[in-house]
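One-letter residues, chain by chain:
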Amino acid sequence: ETGVTQSPTHLIKTRGQQVTLRCSSQSGHNTVSWYQQALGQGPQFIFQYYREEENGRGNFPPRFSGLQFPNYSSELNVNALELDDSALYLCASSFLLGPGANVLTFGAGSRLTVL
Amino acid sequence: AQSVTQLDSHVSVSEGTPVLLRCNYSSSYSPSLFWYVQHPNKGLQLLLKYTSAATLVKGINGFEAEFKKSETSFHLTKPSAHMSDAAEYFCVVTMNYGGATNKLIFGTGTLLAVQP
């Protein structure tokens, strides 16, 4: 089975720009979640998508948005980038229901640097 | 509200000696608890999970953790450290975020160094 893949692995943007990060879910998983991991911190939940709709959101402003596609792949979009958005962005896939619902498979992440 | 506190930001052990990474949790009801490991440039990997079955949970690579409700603890242990265990470890609690959404709440991490 394939794991979770994310692209790009690294990118540099300037303040005010917009960024799109991409994620391919593990085969068979129907739910995707995004997390932000600042340097020296644990990951923080941004949001989760199921059936192409947002299914829960953490404490992040609306300029953080996402998409889930029919093949369960996903995008994270961040508008009006700020310096504090510099972080590792992690995508994770899972099942929504059942005993595996809270067992997430994570990708290696996209490291975003905002200058 | 649910949270986890990892009591040590850095732990250093010698190869072949025991590992103890400490985690306390706070939860208003019976939690699901996990330990994840993060190696540099790799994704987070699940080591083990507790979901209200046996209180002693065995995971991969010889790790185990014991759920102690009276102490609100979920410490991670391994009898004998290996060089390949050097990584960052996260204690995690789930919050059922309404409906079927599961949101993971991570601790701040413990960086484990293994000395030869």
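Up top you'll find the structure we're talking about.
All values reported here derive from a predicted model rather than from experimental measurement.

Some words on the overall build of chain B
Okay, step 1: Within chain B, the regular secondary structure consists of 0 helices and 12 strands.
Okay, step 2: Starting at the N terminus, the α and β elements of chain B follow one another as β-β-β-β-β-β-β-β-β-β-β-β.
Okay, step 3: A globule of 116 residues ought to have a C-alpha radius of gyration of about 13 Å, and chain B, at 14 Å, matches this closely.
Okay, step 4: Principal-axis analysis of the C-alpha atoms gives chain B an extent of 45 × 30 × 20 Å.
Okay, step 5: Summing over all exposed atoms, chain B offers an accessible surface of approximately 5,500 Å²; the carbon and sulfur share of this is 53%.
Okay, step 6: Of the side chains in chain B, 8 bear a positive and 7 a negative charge, and the two mean positions are spaced by 8 Å.

Some points on the layout of surface pockets
Okay, step 1: Approximately 450 Å³ is the volume attributed to the largest pocket.
Okay, step 2: A breakdown of the residues in the lining of the largest pocket according to their chemical character gives 7 nonpolar, 9 polar and 3 charged.
Okay, step 3: In this structure, the second largest pocket encloses a volume near 210 Å³.
Okay, step 4: Sorting the residues of the lining of the second largest pocket by element identifies strand 5 (44–50) of chain A together with strand 11 (102–106) of chain B as the ones contributing at least two each.
Okay, step 5: With 4 residues, strand 11 of chain B is the largest single contributor of residues to the lining of the second largest pocket.
Okay, step 6: Of the residues belonging to the lining of the second largest pocket, the class tally is 6 nonpolar, 7 polar and 1 charged.

Focus: the side chain of Arg57(A)
All names here are of chain A.
Okay, step 1: Note that Arg 57 resides in strand 6 (residues 53–57).
Okay, step 2: A polar atom in the side chain of Arg 57 sits 3.3 Å from the backbone oxygen of Phe 60.
Okay, step 3: A polar contact of 2.5 Å, which involves the side chain of Arg 57, links it to the backbone oxygen of Phe 64.

Remarks on the interface of chain B and chain A
Okay, step 1: Contacts between the two partners involve 22 residues from chain B and, on the opposite side, 24 residues from chain A.
Okay, step 2: Carbon and sulfur atoms supply 55% of the area buried between chain B and chain A, which totals about 1,700 Å² over both sides.
Okay, step 3: Across the chain B-chain A interface, the total number found is 0 salt bridges.
Okay, step 4: The tally of links from chain B across to chain A stands at 3 residue pairs in polar contact (both at pLDDT 80 or more).

Thoughts on the environment of Gly28(A)
All names here are of chain A.
Okay, step 1: Summarising the element assignment, Gly 28 is placed in the loop between strand 3 (19–24) and strand 4 (31–37).
Okay, step 2: On the accessibility criterion, Gly 28 (55% relative accessible area) is exposed.
Okay, step 3: Each C-alpha atom of the pair Gly 28 and Phe 47 lies 20 Å from the other, and the pair is 19 residues apart in sequence.

Considerations on the sheet that holds strand 8 (residues 74–78) of chain A
Residues and elements named next belong to chain A.
Okay, step 1: Strand order in this open sheet of 4 strands is 1-3-8-7, and the pairing throughout is antiparallel. If you trace the sheet from one side to the other, it starts and ends with strand 1 (5–7) and strand 7 (64–68), each paired once. Sheet twist, expressed as the mean angle between neighbouring strand axes with direction ignored, is 20°.
Okay, step 2: In terms of strand pairing, strand 3 meets strand 8 through 5 bridges, oriented antiparallel. Across the sheet, the residue bridging to Leu 21 is Leu 76, located in strand 8.

Section: the pairing of strand 3 of chain A
Okay, step 1: As paired elements, strand 1 of chain A and strand 3 of chain A share 3 bridges and run antiparallel to each other. From the neighbouring strand, Gln6(A) faces strand 3 of chain A, where its bridge partner is Cys23(A).

Brief notes about the pattern of salt bridges
Okay, step 1: Throughout the structure, instances matching the rule amount to 7 salt bridges over all chains.
Okay, step 2: In this structure, Glu75(A) and Arg22(A) form a salt bridge, with 3.5 Å as the shortest nitrogen-oxygen distance. On the criterion of sequence distance, the pair formed by Glu75(A) in strand 8 and Arg22(A) in strand 3 is long-range, its members being 53 residues apart.
Okay, step 3: Owing to a relative accessible area of 15%, Glu75(A) belongs among the buried residues under this scheme.
Okay, step 4: The residue Lys78(B) makes a salt bridge to Asp85(B) at a minimum N-O spacing of 2.8 Å. No difference in accessibility class separates Lys78(B) from Asp85(B), as the two residues are buried.
Okay, step 5: Members of the salt-bridge network, linked through shared partners, are Arg63(A), Glu82(A) and Asp85(A).

Criteria and cut-off values
Residues numbered from 1 in each chain as written. Chains lettered and ligands numbered in written order. Predicted model: local features only at pLDDT ≥ 70, side-chain atom pairs only at ≥ 80, totals over all residues. Heavy atoms only, no water. Helix = DSSP H or I, 4+ residues; strand = E, 2+ residues; numbered from the N terminus. Rg over C-alpha atoms; globule rule 2.2 N^0.38 Å. Areas by Shrake-Rupley, 256 points an atom, 1.4 Å probe, with all protein chains shown as cover. Lys, Arg positive; Asp, Glu negative; His and termini not counted. Charge placed at Lys NZ, Arg CZ, Asp CG, Glu CD. 1 Å grid on protein atoms, 1.4 Å probe; cavity = no way out; pocket = protein on both sides within 12 Å on 5 of 7 lines; lining within 4 Å. Points joined across faces, edges and corners; volume = space filled by probe spheres on them. Nonpolar A, V, L, I, M, F, W, Y, C, P; charged D, E, K, R; others polar. Polar contact = N/O pair within 3.5 Å; in protein donor to acceptor, adjacent residues only side chain to side chain. Contact = heavy atoms within 4.5 Å. Buried area = accessible area lost by both parts, 1.4 Å probe. Salt bridge = Lys/Arg side-chain N within 4 Å of Asp/Glu carboxyl O. Buried < 20%, exposed > 50% of the residue type's maximum accessible area, 1.4 Å probe, protein only. Pairing = 2+ DSSP bridges. Axes fitted to C-alpha atoms, helices over the stretch in contact; angles between N-to-C directions.

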